[in-house]
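Residue-level listing of the chains:
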Amino acid sequence: MYNKIYERKEFMIFQVREGYIVYNAKKSFQEGHTHLKHFEAAKTAIDLVIRKKIPKSTHGYYLTSLIRLSEDDCYINKIKELMESRVQKGKKDKYYNSRNKL
């Protein structure tokens, strides 16, 4: 199938043409895999899911990848809550320092 280059517990990383596929063998391939561009990001995703840690400064795609890899409903719900709170906050206006002239 693919060229497996890394394995930790039930997780595997396969190298593909445009990056890497991370797969959780305890889930079906359709539901338990994600595509990432960098090998280190793929390894970090595995580590985060195993330790049930949530990165605070990552974009939505990476958080969605963690959801796809995890089987823990509590962990998945925490990530979804973080994503939802980011949507509710919305994009902040740029700050301009206005100088008052006397």
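It should be emphasised that the depicted structure is a prediction, and the values quoted were computed from it without experimental measurement.

K.L.:
Tell me what's going on with the overall build of the protein chain, and back it up with residues and numbers.
P.N.:
The number of helices and strands found in the protein chain is three helices and four strands. Looking at the protein chain as a whole, 32% of its 102 residues qualify as buried. Within the protein chain, contacts between residues separated by at least 24 positions form 40% of all contacts whose residues are at least 6 apart in sequence. With the model as given, the accessible surface of the protein chain reaches about 7700 Å², and the carbon-plus-sulfur share is 49%.

K.L.:
Describe in detail the layout of surface pockets, supporting the description with residues and values.
P.N.:
Quantified by volume, the largest pocket comes out at close to 150 Å³. Lining the largest pocket are Lys9, Glu10, Phe11, Asn24, Lys26, Val49, Ile50, Lys52, Leu69, Ser70, Glu71 and Asp72. Tallied by class, residues from the lining of the largest pocket come to four nonpolar, two polar and six charged.

K.L.:
A description of the packing of aromatic side chains should follow, citing residues and the corresponding values.
P.N.:
Here the structure, examined in full by the defined rule, presents three aromatic pairs. Their ring planes at 55° and their centres at 5.6 Å tell us that Tyr20 and Phe39 sit as a pair that is tilted. Here Tyr20, found in strand β3 (residues 19-24), pairs with Phe39, found in helix α1 (residues 39-51); they are 19 residues apart in sequence, far enough to count as distant. Its relative accessible area of 16% is what places Tyr20 among the buried residues. These aromatic residues form a ring-pair network of at least three members: Tyr6, Tyr20 and Phe39.

K.L.:
Hey, could you go over α1 for me, with residue numbers and the actual values?
P.N.:
Taking 1.5 Å per residue as the helical rise, α1 with its 13 residues ought to reach 18 Å, and the 19 Å between its terminal C-alpha atoms agrees with that figure. Among the residues of α1, Ala42, Ala45, Ile46, Leu48 and Val49 are the ones counted as buried. Looking straight down α1, one finds its buried side chains confined to an arc of 165°; they lie on one side. Count one or two residues on from α1 and you reach Lys52, which has phi positive near 60°.

K.L.:
Before we move on, could you go through helix α2 (residues 60-69) and cite the residues and values that matter?
P.N.:
Tyr62, Leu63, Ser65, Leu66, Ile67 and Leu69 are the residues of α2 that are buried. Where α2 is buried, its residues touch β2 (11-16), β3, β4 (33-36), α1 and α3 (73-89).

About the cut-offs
- Residues numbered from 1 in each chain as written.
- Predicted model: local features only at pLDDT ≥ 70, side-chain atom pairs only at ≥ 80, totals over all residues.
- Heavy atoms only, no water.
- Helix = DSSP H or I, 4+ residues; strand = E, 2+ residues; numbered from the N terminus.
- Buried < 20%, exposed > 50% of the residue type's maximum accessible area, 1.4 Å probe, protein only.
- Contact = heavy atoms within 4.5 Å.
- Areas by Shrake-Rupley, 256 points an atom, 1.4 Å probe, with all protein chains shown as cover.
- 1 Å grid on protein atoms, 1.4 Å probe; cavity = no way out; pocket = protein on both sides within 12 Å on 5 of 7 lines; lining within 4 Å.
- Points joined across faces, edges and corners; volume = space filled by probe spheres on them.
- Nonpolar A, V, L, I, M, F, W, Y, C, P; charged D, E, K, R; others polar.
- Phe/Tyr/Trp six-rings, centres within 6.5 Å; stacked < 30°, edge-to-face > 60°.
- Expected span 1.5 Å × (residues − 1).
- Arc of directions from axis to C-beta.

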